[in-house]
Amino acid sequence: MATVLRIDVDGAVVVLSWPDDDAARREAVTGAVGRPADSAVYHRQAHFHVHGNGASGGLPMNLAAWALASQWRGMEIPYGLYEPVLVTGPQLSVLGDGVAGEVRAVCAAVAEVRQEWVTRPPAGEGPARAEVLAAARHSVAALT
């Protein structure tokens, strides 16, 4: 089943109903992100729609979306992603099953790491980033 997914700040993945017409889709993006969104491409079959002023606005970072973008880019991206992030296919199309599966797998892996941090905090920011990225890498590798 093809879908459009929103990654919430807590890492939850929400399946959104997706309208057929372009104007309604653009409105749905604004509703999902909470404002007019900037688009970012980290995977050729997926587009992120993100809050463009999250860092300067002091908004909460979306760790799961950051880990997914870094995984898809093949490197740690040097900036954060903030607030809910909407993941669609190119030109506001729906996601294919494989890409949607990767989104879900990475978000679940990041949620698991964050839960472990409740009883075993990371040694610092660098080790925390490394741990999250390793979990993302392993979760995608497990899909193949």
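Residues numbered from 1 in each chain as written. Predicted model: local features only at pLDDT ≥ 70, side-chain atom pairs only at ≥ 80, totals over all residues. Heavy atoms only, no water.

A few words on the overall build of the chain. The number of helices and strands found in the chain is 4 helices and 5 strands. Its helices and strands in sequence order give the chain the pattern β-β-α-β-β-α-β-α-α, from N to C terminus. Over its C-alpha trace the chain gives a radius of gyration of 15 Å, about what one expects of a compact globule, namely 15 Å for 144 residues. Along the longest, intermediate and shortest principal axes, the C-alpha atoms of the chain span 50 × 40 × 25 Å. Within the chain, the proportion of its 144 residues that are buried is 44%. Counted over contacts in the chain with a minimum sequence separation of 6, partners at least 24 positions apart contribute 64%. Carbon and sulfur atoms make up 53% of the accessible area of the chain, which totals about 7300 Å². Between the averaged position of the 11 positive side-chain charges in the chain and that of its 15 negative side-chain charges there is a distance of 4 Å. (Helix = DSSP H or I, 4+ residues; strand = E, 2+ residues; numbered from the N terminus. Rg over C-alpha atoms; globule rule 2.2 N^0.38 Å. Buried < 20%, exposed > 50% of the residue type's maximum accessible area, 1.4 Å probe, protein only. Contact = heavy atoms within 4.5 Å. Areas by Shrake-Rupley, 256 points an atom, 1.4 Å probe, with all protein chains shown as cover. Lys, Arg positive; Asp, Glu negative; His and termini not counted. Charge placed at Lys NZ, Arg CZ, Asp CG, Glu CD.)

Residue Q91 is not a glycine yet carries a positive backbone phi of 55°. Here Q91 lies in the loop between β5 (85–88) and α3 (97–119). For Q91, a relative accessible area of 66% translates into the label exposed. A positive phi angle is found at L92, which is not glycine, with a value near 60°. Its location among the elements puts L92 in the loop between β5 and α3.

Moving on, we get to the pairing of strand β4 (residues 46–50). Here β4 lies mainly inside the structure; 5 of its 5 residues are buried. Residues A46, F48 and V50 point to one face of β4 and H47 and H49 to the other, with burial holding for every one of them. As defined by bridge partners, strand β3 (residues 38–43) adjoins β4 across 5 bridges and the pair is classed as antiparallel. Note that in β4 the partner of D38 across the bridge is V50. What sits between the antiparallel neighbours β3 and β4 is a turn of 2 residues. (Pairing = 2+ DSSP bridges.)

This part is about the environment of H51. Considering the arrangement of structural elements, one finds H51 in the loop between β4 and α2 (63–73). Given a relative accessible area of 15%, H51 falls into the buried group. As for H51 and V85, which are separated by 34 residues in sequence, their C-alpha atoms are 7.5 Å apart. Setting aside chain neighbours within four positions, we find H51 in contact with V33, R35, L59, Y82 and E83.

Most of α2 sits out of view: 9 of its 11 residues are buried. All of the buried residues in α2 are L63, A64, A65, W66, A67, L68, A69, S70 and W72. Where α2 is buried, its residues touch β1 (4–7), β3, β4, β5, α3 and α4 (125–141). A positive backbone phi angle near 80° is found at G74, which sits one or two residues after α2.

Turning our eyes to something else, we now look at the packing of aromatic side chains. Applying the stated criterion across every chain, the model contains 2 aromatic pairs. Ring geometry for Y42 versus F48: centroids 5.2 Å apart, planes at 65°, classification edge-to-face. Residue classification places F48 among the buried residues on the basis of a relative accessible area of 1%. Three or more aromatic residues joined by ring pairs form one cluster here, namely Y42, F48 and W72. (Phe/Tyr/Trp six-rings, centres within 6.5 Å; stacked < 30°, edge-to-face > 60°.)

Attention shifts here to the packing of α2 against α3. Any two packed helices are characterised by the angle at which their axes cross and by the distance between the axes. Packing of α2 against α3 leaves a shortest axis separation of 9 Å and a crossing angle of 125°. With respect to their mutual orientation, α2 and α3 come out oblique. Viewed along their axes, α2 and α3 form a crossing whose handedness is right-handed. Note on element contacts: α3 touches α2 through V99, E102, V103, V106, C107, V110, R114 and W117, opposite L63, A64, A67, L68 and W72. Residue classes in the contact of α2 with α3 are distributed as 11 nonpolar, no polar and 2 charged. (Axes fitted to C-alpha atoms, helices over the stretch in contact; angles between N-to-C directions. Parallel < 35°, antiparallel > 145°, perpendicular 65-115°, else oblique. Left-handed = near helix turned anticlockwise from the far one by under 90°. Nonpolar A, V, L, I, M, F, W, Y, C, P; charged D, E, K, R; others polar.)

Geometric descriptors of this kind do not, in isolation, establish any biological role.
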